[in-house]
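Here is how the chains run, residue by residue.
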Amino acid sequence: MTGATHRSGPVVSVRDLRIGYRTGHGTLQAVKGVSFAVQAGEAYGLVGESGSGKSTAAMALTRYLAPNAELSAGDLSVAGVDVRSLEGRRLRHFRAESLGVVYQEPGLALNPTMAVGEQVAEVFRLAGAGRSEAAQRAHAALERVQLTPAAVIAGRYPHELSGGQQQRVVIAMALAGSPDLLILDEPTTGLDGRVETEIMALIDRLRAELGFATILISHNLPLIAAHCRRIGVLQDGVMVEEGPSERVLRSPRHAYTRSLIAALPDIDARRSRPASGADDTARPVVTVSGVSKDYHRKRALRDVSFTIGRGEVLGIVGESGSGKTTLGRVLAGLTTYDGQVTFDQGGRPGRRRLPQVQVVFQNADLSLNPRRTVRQVLKRSIRLLDGDQTVEQLADSVGIEHELLDRLPGQLSGGQKQRVAIARAFAGNVPLVICDEPTSALDVSIQARIIDLLVELQQRTGVSYLFISHDMAVVRQISHRIGVLYDGELVELKQSDELFESAEHPYSRQLVESALSLRRGWPRGDARAEEPGQVIA
Amino acid sequence: MGMSVLTSDENLPEPGALTPAAAAVQDVATASATPRRPRARALLRRPTFVISAVIVLWWILAAVLWKVVGLDPYSNTGKLLAAPSWSQPFGTDNLGRSVFARTLVGADRALLIGPLGAVMATILGGALGVIAGYFRGIVDTALMRVFDVLVVLPPIIFLIVLVTAFGSGTRALILCIGFVYAPGIARIIRAAVLAEMGKGYVASARLQRESRLRIMALELVPNVWPTMLVQITLSLASAILMTATLSFLGLGAQPPSADWGLQINANMIYLQQQWWTVLFPALAVASLVVSVQLIADNIKEVSRP
């Protein structure tokens, strides 16, 4: 069963796969008759939005499903083994030897109380290796995923590694059993663009060296297109389109695929860029000068200075841990800091001092009180921010239907929740709104609509944004100027177009490079041959 | 790309469709804020909850209605230490009093001191816990160090000291029990509040200059309420047992009260021959305490995300 023995047919063969979940109210179909095959050494991609059944379909290959799942299929086999027939010991052996899985959150996939070297060695020990042999092979495995010096890394605990390093460890573990198939379930979703590029390049290289097949599951169409030979598009548990990635992207046949492609943030277009408000730079809304912040001796921000003009959108990019979120919290006054942040009061009449900043957080699930209805939230916000709209007017302005007003956040979709969070920030005339990754927890199609909403609100009300994101395409779309944070320092601050054309700092160049490489010239390799406009149109 | 922007609803599949698929494979926390009604229904579907609730209800009825029904726990029926019979279902004690009547009437005291003590403890502990969790810093440290000291004192010994100092009247006992259980509750509520403080809705409220009192009362308390409810019930069970224990040790109720602990103490010497004098009050304490504990367990299970 191991490795490169007889490989006559495809590594993965799935025919008419159906998976449902039994619930209190009957069975809920998550996957409705999906078929696909993956050849040995092939890179296959499954793309779709949350709830499309892409993860469920792929995880069925490991037979790791919830206890209330009902599975039926015409064929479901990996490396010639019928997965449905496996039980107990044989199932465990199959999982250990035939496939590996890399999960979205490497931090959760690793045991926090165990050095990573031991965790990798454990896989070899379970396969029967002795203690010292397992340790040696673990070192080799870590070197293979370019974690060097392996001896040093092996002794580290997961929290001492960066997100990218953690994911390399998970990959090393997944590959420890020399599997025929590697399932990558959103492997780079929590990571920033530069690390994403590195991790995906590593996987591509290892696939070429070791000859395993990969199934890459993602909601990120450009990423899948860049790293897979063929892709399948899933919608509501049905595979609506399948084909070579180049063909699917250039001439999508199904309406859903077309809408997915249309919703992609367009790295080169400035379609929705708000009209510049930079004319009023003489009186910036906020002036930040020499701001530093340490968390227990760990530097989060160092000597950051900039201004945001009235009506200006300032984008802030940087990898996780670069201090982006801390910067947002400093401006919002949610944390202490050294240095100065001065708000221009704008000659407001001297009533009760109103808040100068509102924040739209990344995770709308957490930023709305689960026990308060939409109406309660909005009503209170209008009152506190001294707004002059009614709850209904405010709801209209962000596209929340009136029948949603008396619901609790738990009864709303992700996009609706984020709209409520946005409405809360716009309940009064607050001059600065900080958007901290407001769309990165959302599906692509909803992402596009939320961005459009933010742009529209900005143009209508003339507020300024500090727009924090790791997605260069999104930031470019919405920002007048972009600042690049690297290790707590603001290494570059330029007009958006200028940054994309002539980034000076090596780190900004890398960011721009990673962003462009995904959008340009599908398939990979022939990077600059295509005008991206053609692909996206 | 010209899609209609504002009014179009997000074309998601119905919310239910998202959860099982994602949860099954990714171990994502599934429950999207369970609405309240299903929680009540889920409780009613659990047999241990229903049985416990019926038992507690029985004792509440006994405590409230014994005077109405005309039970007499104090007068001599004429026969001393009579075995259970049709006329005296639980027999009589050494003074000829009906054990049946005394057992039912004993619920009165058990359900007065325990619950009021538990409510006291929850109000005091809950308020201090929310304050410590909200303000953090010095307030938190100061409160918590004091609580740490109080929590390590064995409750029964602590109570004995308090009762010796402040007397064993009903009011004093309620206050003492409230004081003894408050620190434990405060610590748990503080932990729950700290978890909530990390969430964006608290930050948003602060950014809108919402008053501290409103943030604590309207934003935080409703979200730690399930935890509080469990703590009320758990300390209730414990408080009932504690009152009985104090009476058993002679520090609580005094004769001729029908207090369960006192009955057990007074009749202990008859245990070998006239077991009914001890068994029924003991069963009464046990059934009430275990039932309340089971109710707490069930609430905890149901409100787990």
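On a predicted model such as this, the values are computed, not experimentally measured, just so you know.

Q: Report on the overall build of chain B, specifying residues and quantitative values.
A: Summing up its helical and strand segments, chain B has eleven helices and zero strands in all. The order of α-helices and β-strands along chain B, N terminus first, is α-α-α-α-α-α-α-α-α-α-α. Each of the 305 residues in chain B was classed as buried or not, and the buried ones make up 45%. Contacts in chain B between residues far apart in sequence, at least 24 positions, make up 70% of those at least 6 positions apart. Carbon and sulfur atoms form 68% of the exposed surface of chain B, whose accessible area is close to 15100 Å².

Q: Account for the pattern of salt bridges, naming residues and giving values.
A: It is possible for side chains bearing opposite charge to pair when their charged atoms get close. All names here are of chain A. Tallying each qualifying case throughout the model produces 35 salt bridges over all chains. For Arg63, the salt bridge is made with Glu87, and the minimal N-O distance between the two is 3.1 Å. You can see Arg63 sitting in the loop between α1 (54-59) and β4 (69-72) and its partner Glu87 sitting in the loop between β6 (81-82) and α2 (88-98), a full 24 residues away along the chain. Taking the relative accessible area as the measure of exposure, Arg63 reaches 22% and is therefore partly exposed. Judged by relative accessible area, Glu87 falls into the exposed class, the value being 52%. Ionic pairing is found between Arg476 and Asp497, a salt bridge with its closest N-O pair at 3.4 Å.

Q: Explain the packing of helix α5 (residues 137-152) of chain B against helix α7 (residues 170-197) of chain B residue by residue, including any values.
A: Residue and element names in this part refer to chain B. At a closest axis distance of 9 Å, the pairing of α5 and α7 adopts a crossing angle of 135°. Looking at the two axes, α5 sits oblique to α7. Two packed elements cross with a definite hand, and for α5 against α7 that hand is left-handed. Residues Asp140, Met144, Phe147, Asp148, Leu150 and Val151 of α5 touch α7, and the partners they reach there are Pro183, Gly184, Ala186, Arg187 and Arg190.

Q: Break down the packing of aromatic side chains for me, citing the residues and quoting the values.
A: In this structure the tally under the stated criterion is eleven aromatic pairs over all chains. Linked through ring pairs, B:Phe90, B:Phe100, B:Trp275, B:Trp276 and B:Phe280 together constitute an aromatic cluster. Positioned above the aromatic ring of A:Phe500 is the side chain of A:Arg476, whose terminal nitrogen or guanidinium carbon lies 4.1 Å from the ring centre.

Q: Give me unusual backbone geometry: which residues, what numbers.
A: Looking along the chain, the bond that leaves A:Thr148 and enters A:Pro149 is cis, with omega of -5°. Turning to its location among the elements, A:Pro149 is positioned in the loop between α5 (131-144) and α6 (150-154). Cis geometry marks the peptide bond from B:Pro255 to B:Pro256, where omega comes out at 5°. Structurally, the position occupied by B:Pro256 is in the loop between α9 (212-248) and α10 (260-267). Notably, A:Arg63 is not glycine yet its phi reads approximately 60°, a positive angle. The phi angle at A:Asp386 is positive, at roughly 60°, despite the residue not being glycine. With respect to the element layout, A:Asp386 can be found in the loop between α14 (374-385) and α15 (391-398).

Q: Tell me what's going on with the side chain of A:Arg194, and back it up with residues and numbers.
A: Residue and element names in this part refer to chain A. With respect to the helices and strands, the residue Arg194 is situated in helix α8 (residues 193-210). The exposure class of Arg194 is buried, given its relative accessible area of 18%. Among the polar contacts listed, one links the side chain of Arg194 to the side chain of Gln510, at a separation of 3.4 Å. The residues contacting Arg194, other than those within four sequence positions of it, are Glu319, Tyr507, Gln510 and Ser514.

Q: Provide a residue-level description of empty space enclosed by the protein, including the pertinent values.
A: Under the counting rule described, the total for this entry stands at four cavities of 30 Å³ or more. A:Arg372, A:Val377, A:Arg424, B:Gln208 and B:Glu219 are the residues nearest the centre of the largest cavity, which is lined by 13 residues in total. Counting only elements with at least two residues in the lining of the largest cavity, the list comes to α14 of chain A together with α8 (200-207) of chain B. In terms of residue count, the dominant contributor to the lining of the largest cavity is α14(A) (four residues). Grouping the constituent residues of the lining of the largest cavity by class yields four nonpolar, four polar and five charged.

Q: Got a sec to walk through a nonpolar patch on the surface? Specific residues and values, please.
A: Taken together, B:Leu57, B:Ile60, B:Leu61, B:Val64, B:Leu65, B:Val68 and B:Val69 make up a surface patch of nonpolar side chains, about 660 Å² in accessible area. If you trace the backbone, B:Val64 turns up in helix α3 (residues 47-69).

Q: Quick rundown of α7(B)? Include the residues and the values.
A: Spanning 28 residues, α7(B) covers 39 Å between terminal C-alpha atoms, matching the ideal 40 Å at 1.5 Å per step. The largest bend in α7(B) amounts to roughly 35° and is located at B:Ala182, with the proline B:Pro183 lying one to four residues further along.

Q: Please give an account of the confidence of the model for chain B that cites residues and values.
A: Per-residue pLDDT for chain B averages 83, and the proportion of residues at 70 or more is 87%. Considering only residues more than four positions removed or in separate chains, one finds that residues 1-35 of chain B, a stretch of pLDDT under 50, has 66 contacts.

Q: Go over the sheet that holds strand β18 (residues 464-468) of chain A, please, and point to the residues and values.
A: Residue and element names in this part refer to chain A. Reading across from one edge, β16-β17-β18-β14-β19-β20 is the order of the six strands in this open sheet, with mixed pairing throughout. This sheet does not close on itself; its edge strands, each paired only once, are β16 (357-360) and β20 (489-495). Taken pair by pair, the neighbouring strands of this sheet meet at an average axis angle of 20°, ignoring direction. Direction of pairing for strand β17 (residues 432-436) relative to β18: parallel, over a ladder of five bridges. What sits directly across from Ile434, in β18, is Leu466.

Q: Outline the packing of helix α6 (residues 155-166) of chain B against α7(B), listing residues and values.
A: All names here are of chain B. Two numbers describe how α6 lies on α7: the axes approach to 10 Å, and their chain directions differ by 145°. With respect to the hand of their crossing, α6 and α7 are arranged in right-handed fashion. Each of Pro155, Phe158, Leu159, Leu162, Val163 and Phe166 in α6 lies in contact with α7, whose residues at this interface are Ala172, Leu173, Cys176, Ile177, Phe179 and Val180.

Q: Mind laying out the pairing of strand β7 (residues 99-102) of chain A, listing which residues take part and the relevant values?
A: All names here are of chain A. Of the two faces of β7, the one holding Leu99 and Val101 and the one holding Gly100 and Val102 are both buried throughout. With four bridges connecting them, β7 and strand β8 (residues 181-185) associate as parallel partners. Bridging across to β8, Val102 finds its partner in Leu184.

Q: Can you break down the sheet that holds β8(A) residue by residue, with the values?
A: All names here are of chain A. The mixed open sheet is built from six strands, whose spatial order is β7-β8-β9-β3-β10-β11. The open sheet has two edge strands, β7 and β11 (238-244), and neither has a second partner. Neighbour-to-neighbour, the strand axes of the sheet open up by a mean angle of 15°, direction not taken into account. Direction of pairing for strand β3 (residues 43-47) relative to strand β9 (residues 213-218): parallel, over a ladder of five bridges. Counted as the bridge partner of Ala43 is Thr214 from β9. Helix α11 (residues 255-262) rests against β10 (230-235) and β11 of the sheet, and its axis sits at about 100° to β10.

Q: Explain the nonpolar core residue by residue, including any values.
A: All names here are of chain A. Grouped together as the largest cluster of nonpolar side chains are 52 residues, with contacts concentrated most on Phe124, Leu142, Val169, Ile171 and Leu221. When near neighbours in sequence (up to four residues on either side) are disregarded, Phe124 contacts Ala129, Ala134, Arg137, Ala138, Ala141 and Ala176. Counting residues in each nonpolar core, the second largest holds 50 residues, with Val360, Val391, Val398 and Leu442 among its members.

Q: Quick rundown of helix α4 (residues 116-126) of chain A? Include the residues and the values.
A: All names here are of chain A. For α4, every residue scored as buried is listed here: Val116, Gly117, Gln119, Val120, Ala121 and Phe124. The inward-facing, buried residues of α4 contact α5, α6 and α7 (163-175). Looking at the residues trailing α4, positive phi occurs at Gly128, about 110°.

Procedures and definitions
- Residues numbered from 1 in each chain as written.
- Chains lettered and ligands numbered in written order.
- Predicted model: local features only at pLDDT ≥ 70, side-chain atom pairs only at ≥ 80, totals over all residues.
- Heavy atoms only, no water.
- Helix = DSSP H or I, 4+ residues; strand = E, 2+ residues; numbered from the N terminus.
- Buried < 20%, exposed > 50% of the residue type's maximum accessible area, 1.4 Å probe, protein only.
- Contact = heavy atoms within 4.5 Å.
- Areas by Shrake-Rupley, 256 points an atom, 1.4 Å probe, with all protein chains shown as cover.
- Salt bridge = Lys/Arg side-chain N within 4 Å of Asp/Glu carboxyl O.
- Axes fitted to C-alpha atoms, helices over the stretch in contact; angles between N-to-C directions.
- Parallel < 35°, antiparallel > 145°, perpendicular 65-115°, else oblique.
- Left-handed = near helix turned anticlockwise from the far one by under 90°.
- Phe/Tyr/Trp six-rings, centres within 6.5 Å; stacked < 30°, edge-to-face > 60°.
- Lys NZ or Arg CZ within 6 Å of the ring centre and 35° of its normal.
- Polar contact = N/O pair within 3.5 Å; in protein donor to acceptor, adjacent residues only side chain to side chain.
- 1 Å grid on protein atoms, 1.4 Å probe; cavity = no way out; pocket = protein on both sides within 12 Å on 5 of 7 lines; lining within 4 Å.
- Points joined across faces, edges and corners; volume = space filled by probe spheres on them.
- Nonpolar A, V, L, I, M, F, W, Y, C, P; charged D, E, K, R; others polar.
- Patch = residues over 30% accessible without salt bridge, like charges linked within 9 Å, V, L, I, M, F, W, Y side chains within 5 Å.
- Expected span 1.5 Å × (residues − 1).
- Bend = angle between axes of the 7 residues up to and from the residue.
- pLDDT = per-residue confidence, 0-100.
- Pairing = 2+ DSSP bridges.
- Core = buried A, V, L, I, M, F, W, Y, C linked by side-chain atoms within 4.5 Å.

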